[in-house]
Amino acid sequence: MRKLKVTKFEIALAALIIIAVFIAPISVRQGFSQTTNTTTNSSSSNGGTSVGGSNEKKILKIGYFPNINHAQAVIGLGNGDFQKALGNNITVQPFLFNAGPSAIEALIAKRVDVTYVGPNPAINGYVVSDGKDLRIIAGAASGGAVFVVRNDSGIKSPKDFAGKKFASPQLGNTQDIALRKYLLDNGYKTTDNGGNVTVTPVANPDILTLFLKKQLDGAWVPEPWGARLVKEANGRIFLDERTLWPDGRFVTANIAASTDYLKNNPDVIEKLLAAHVNETIWMNNHKDDAIKAFNTELKKLTGKTIAEHELRQAWSRMDFTYDPLKISLFRSANNAYDLGFLANGKPRPDLSEIFDLTILGQVLKQKGLQPVEGGGTITSGAANNNLAAVQ
């Protein structure tokens, strides 16, 4: 069974670029607060769309999710902050996604230029493109992932996991890897590997439904689904993932950019990252206003809001940051590799060039802010061509 699972996943990884050609993201309200007196041409492989002349016009296509850990984009794109920071000569086109693999497929296919995305999809995209097609250029969020169990599941400690059925949002995604690693660390194998614990991929809304039907014993989910399972589905937080990481910090969202766009449009990326840093600082200094702003923009995107008490609970278990938290990403990659979800059958992949934080560093210096170090920087020795140094 182990071999069959890995083979399917490996095939899926190999097909990622092919699929990307045929799958288009959901486009939403393109060009928030943008000027409309400019005609543009189709985007080229050089990255970005421009019009000749002395006053060059460009397009920046940004992918993101209607999730709390993408709050900078949800708020900044929705209220026009990003468009204002980028200026009239750069038209912002937002694209909404529901899953990290789809966002990375679009990035590799150049359907978007940058995207907010979780660490594992970014790692997978980097590996399957042989490190050529994307770079992580900034952080976005830390924390915001919890292991919730039903109050009537009979689970009081890891000793009670045998025979239980758990869910994660998607096979091989960030929460799925975390759940499988936690089970392994506690001496359990999943049923697909001859063990006695079932882990099944279930979309977050369906996890809530299955909790209510008592068809799941627990789930490792991102916020706000943790808060919703507690408030609406008789769940309780068994484990806050922050307790498994040094200082409680681990990456749950970064910003990834197409290498072509990054190379050919550093001026646009600089303005984007300045806007992202500003939004992050504002959110951290104005929590109440940020929560209200997030719900306002979320309703525009999805037609729904999150109950304020649930949103506040979810928000309290997260940190919004521009630090990409490098070490936590490398450790997540190690976990994925050890579980057979990354580069299976091959040497540990070389991720030493997955980050390009040059422009972020320039932005922070201009703003008089500290560079992203401590917990986010590895030494040249630790980056020695594979992940073994950060195991």
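Use the structure listed above.
Source: prediction; values computed, not measured.

With that out of the way, let us pick up the sheet that holds strand β8 (residues 165–168). An order of β9-β8-β10-β7-β11 is seen for the five strands of this open sheet, with the pairing classed as mixed. One side of each edge strand has no neighbouring strand; the edge strands of this open sheet are β9 (198–201) and β11 (235–240). Strand after strand, the sheet turns through a mean of 30 degrees between neighbouring axes, direction not considered. Here β8 runs beside strand β10 (residues 218–222); their pairing, made up of two bridges, is parallel. Looking across to β10, one finds that Ala-167 is bridged to Ala-219. Sitting on the sheet, helix α9 (residues 225–232) is in contact with β7 (145–150), β10 and β11, with an inclination near 135 degrees to β10.

Here we take up the side chain of Asn-295. Relative to the helices and strands, Asn-295 is located in helix α12 (residues 287–302). Those residues within four positions of Asn-295 in sequence are excluded, and the remaining contacts are Thr-305, Ile-306 and Leu-311.

Here we come to the pairing of strand β5 (residues 114–117). The two faces of β5 match: Val-114 and Tyr-116 on one face and Thr-115 and Val-117 on the other face are all buried. Pairing of strand β3 (residues 57–64) with β5, which is carried by two bridges, proceeds in the parallel orientation. Note that in β5 the partner of Gly-63 across the bridge is Thr-115. In this sheet, strand β12 (residues 251–258) lies alongside β5 in antiparallel orientation, the contact comprising four bridges. Each bridged residue has a counterpart across the sheet, and for Val-117 the counterpart in β12 is Asn-254.

What follows is about the pairing of strand β4 (residues 90–96). Residues in a regular strand project their side chains so that they alternate between the two faces of the sheet. Extensive coverage of β4 is indicated by the burial of seven of its seven residues. Covered by surrounding structure in β4 are Ile-90, Val-92, Pro-94 and Leu-96 together with Thr-91, Gln-93 and Phe-95, the residues of both alternating faces.

With that out of the way, let us pick up the packing of helix α11 (residues 266–285) against helix α15 (residues 358–366). Between α11 and α15, whose axes approach to 9 Å, the crossing angle comes to 55 degrees. In terms of orientation, α11 lies oblique with respect to α15. Here α11 and α15 pass one another in a crossing that is right-handed. Across the interface between the two elements, Pro-266, Ile-269, Glu-270, Leu-273, Ala-274 and Val-277 of α11 pack against Ile-359, Leu-360, Val-363, Leu-364 and Gln-366 of α15.

It is worth spelling out the nonpolar core at this point. Formed by 83 residues in total, the largest nonpolar core has its most connected members in Phe-294, Trp-315 and Ile-354. If we skip the residues at most four places from it in the chain, Phe-294 touches Asn-67, Ile-68, Ala-71, Val-74, Ile-75, Ile-306, Leu-311 and Trp-315. Residues Val-149, Ala-178, Phe-238 and Leu-239 belong to the second largest nonpolar core, which totals 18 residues.

On to the pattern of salt bridges, then. In the structure shown here, the tally under the stated rule is 16 salt bridges. For Asp-185, the salt bridge goes to Lys-181, with nearest N and O atoms at 2.8 Å. Taken as a pair, Asp-185 and Lys-181 lie in helix α7 (residues 174–185) at a separation of four residues, close to a single helical turn. The exposure class of Lys-181 is partly exposed, given its relative accessible area of 23%. Glu-310 is paired through a salt bridge with Arg-228; the nearest N and O atoms lie 4.0 Å apart. Separated by 82 residues along the polypeptide, Glu-310 in helix α13 (residues 308–316) and Arg-228 in helix α9 bring together distant segments of the chain. Salt bridges here are not isolated pairs; linked through shared partners, they connect Arg-150, Asp-152, Lys-214 and Asp-217.

Before going further, it helps to spend a moment on the environment of Phe-294. Relative to the assigned elements, Phe-294 resides in helix α12. Its relative accessible area of 0% is what places Phe-294 among the buried residues. Separated by 218 residues in sequence, Phe-294 and Gly-76 have C-alpha atoms that sit 9.3 Å apart.

What counts, and where the lines are drawn
Residues numbered from 1 in each chain as written. Predicted model: local features only at pLDDT ≥ 70, side-chain atom pairs only at ≥ 80, totals over all residues. Heavy atoms only, no water. Pairing = 2+ DSSP bridges. Helix = DSSP H or I, 4+ residues; strand = E, 2+ residues; numbered from the N terminus. Axes fitted to C-alpha atoms, helices over the stretch in contact; angles between N-to-C directions. Contact = heavy atoms within 4.5 Å. Buried < 20%, exposed > 50% of the residue type's maximum accessible area, 1.4 Å probe, protein only. Parallel < 35°, antiparallel > 145°, perpendicular 65-115°, else oblique. Left-handed = near helix turned anticlockwise from the far one by under 90°. Core = buried A, V, L, I, M, F, W, Y, C linked by side-chain atoms within 4.5 Å. Salt bridge = Lys/Arg side-chain N within 4 Å of Asp/Glu carboxyl O.

This is a description of form; function is not addressed.
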